[in-house]
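Understanding the architecture of this molecule
What follows is each chain in one-letter form.
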Amino acid sequence: GNSVTQMEGPVTLSEEAFLTINCTYTATGYPSLFWYVQYPGEGLQLLLKATKADDKGSNKGFEATYRKETTSFHLEKGSVQVSDSAVYFCALSPVYSGGGADGLTFGKGTHLIIQP
Amino acid sequence: SAVISQKPSRDICQRGTSLTIQCQVDSQVTMMFWYRQQPGQSLTLIATANQGSEATYESGFVIDKFPISRPNLTFSTLTVSNMSPEDSSIYLCSVFKGYGQYFGPGTRLTVL
């Protein structure tokens, strides 16, 4: 079956540091890939997505590139801020779903803490 | 995107009782989903609810325990039946609209 593996947290960084949160997946074919973010006390928000190999999703300074050869979708940001402190979830949608029109499989989430 | 509301936002229930969670969307959507997030865990899909058809349940979830209604294109309910402490979780509904899947704020359920 489908699965998503994320790096364990918490990840603690200083403000303006470079961020990478690793995400790898197991699925047949070419699933769609997503990053969601959950800020403290708030609901889950769609951050970015990619639907085919070599696609790059980007939003709010965050980027992730769909790497079919390594089955990865790592989240990156060049300079993090305290306001980026949140839990980040990597997720996939099956190849037949048309980019999210089917149930998602989530990773366990990575808690990111940014210190001033 | 979509604006999704859930009721109640939280509840504390006694073992053996049932709770119905409502999910309201600000626009018509075909596909709605129900997820569970157990304490310290990731989100797990319970079922897919499309208007006009029976809900489709994932492995490990059954209709008798989690009956779902989808009376129209903007509303759905999930009932957690005959609750036990193991049902203590956050329950979330989501919809697929345009760019991707959007989530409600969740219902935090505690079963004593």
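Residues numbered from 1 in each chain as written. Chains lettered and ligands numbered in written order. Predicted model: local features only at pLDDT ≥ 70, side-chain atom pairs only at ≥ 80, totals over all residues. Heavy atoms only, no water.

Here we come to the nonpolar core. Among the nonpolar cores identified, the biggest contains 44 residues, and Tyr36(A), Phe106(A) and Phe103(B) are the most heavily contacted of them. Of the residues forming this core, the biggest block, 6 residues, is contributed by strand 9 (residues 89–97) of chain B. Contact partners of Phe106(A), with chain neighbours within four places excluded, come to Val4(A), Tyr36(A), Leu44(A), Phe89(A), Cys90(A), Ala91(A), Tyr35(B), Ser42(B), Leu43(B) and Phe103(B). Formed by 26 residues, the second largest nonpolar core is a distinct cluster that contains Tyr39(A), Leu47(A), Phe62(A) and Ile114(A). (Core = buried A, V, L, I, M, F, W, Y, C linked by side-chain atoms within 4.5 Å. Buried < 20%, exposed > 50% of the residue type's maximum accessible area, 1.4 Å probe, protein only. Helix = DSSP H or I, 4+ residues; strand = E, 2+ residues; numbered from the N terminus. Contact = heavy atoms within 4.5 Å.)

A separate point is the packing of aromatic side chains. Residues and elements named next belong to chain A. Summed over all chains, the structure comprises 11 aromatic pairs over all chains. Here Tyr25 and Tyr66 contribute two aromatic rings whose centre-to-centre distance is 6.1 Å and whose plane-to-plane angle is 80 degrees, an arrangement assigned as edge-to-face. Taken as a pair, Tyr25 in strand 4 (residues 23–26) and Tyr66 in the loop between strand 8 (62–65) and strand 9 (75–77) lie far apart in primary sequence, 41 residues in all. Note on accessibility: Tyr25 and Tyr66 belong to one class, buried. (Phe/Tyr/Trp six-rings, centres within 6.5 Å; stacked < 30°, edge-to-face > 60°.)

The subject of this paragraph is the interface of chain A and chain B. Contacts between the two partners involve 17 residues from chain A, matched on the other side by 13 residues from chain B. In total, chain A and chain B occlude about 1400 Å² of area from one another, counting both sides; carbon and sulfur atoms represent 60% of this. Between chain A and chain B we count 4 residue pairs in polar contact (both at pLDDT 80 or more) in total. Among the secondary structure elements, those contributing two or more residues to the side of chain A that touches chain B are strand 5 (32–38) and strand 6 (44–50) of chain A. Looking at the side of chain A that touches chain B, the element that brings in the most residues is strand 6 of chain A, giving 4 residues. (Buried area = accessible area lost by both parts, 1.4 Å probe. Polar contact = N/O pair within 3.5 Å; in protein donor to acceptor, adjacent residues only side chain to side chain.)

Our next topic: the pairing of strand 10 (residues 86–93) of chain A. All names here are of chain A. Burial analysis of strand 10 places 7 of its 8 residues in the buried class, the great majority of the element. Examined bridge by bridge, strand 5 and strand 10 share 7 bridges and lie antiparallel to one another. Within strand 10, the position partnered with Val37 by the bridge is Tyr88. As paired elements, strand 10 and strand 12 (residues 110–115) share 3 bridges and run antiparallel to each other. Each residue of the ladder has a partner; that of Val87, found in strand 12, is His111. The pairing of strand 10 with strand 11 (residues 105–106) spans 2 bridges and is classified as antiparallel. Across the sheet, residue Ala91 finds its bridge partner in strand 11, namely Phe106. (Pairing = 2+ DSSP bridges.)

All names here are of chain A. Here 4 strands make up an open sheet; going across it, the order is 3-9-8-7 and the pairing antiparallel. The open sheet has two edge strands, strand 3 (19–21) and strand 7 (56–59), and neither has a second partner. Sheet twist, expressed as the mean angle between neighbouring strand axes with direction ignored, is 20 degrees. When strand 3 meets strand 9, the two strands line up antiparallel, connected through 3 bridges. Following the sheet pairing, Thr20 is matched in strand 9 by Glu76. (Axes fitted to C-alpha atoms, helices over the stretch in contact; angles between N-to-C directions.)

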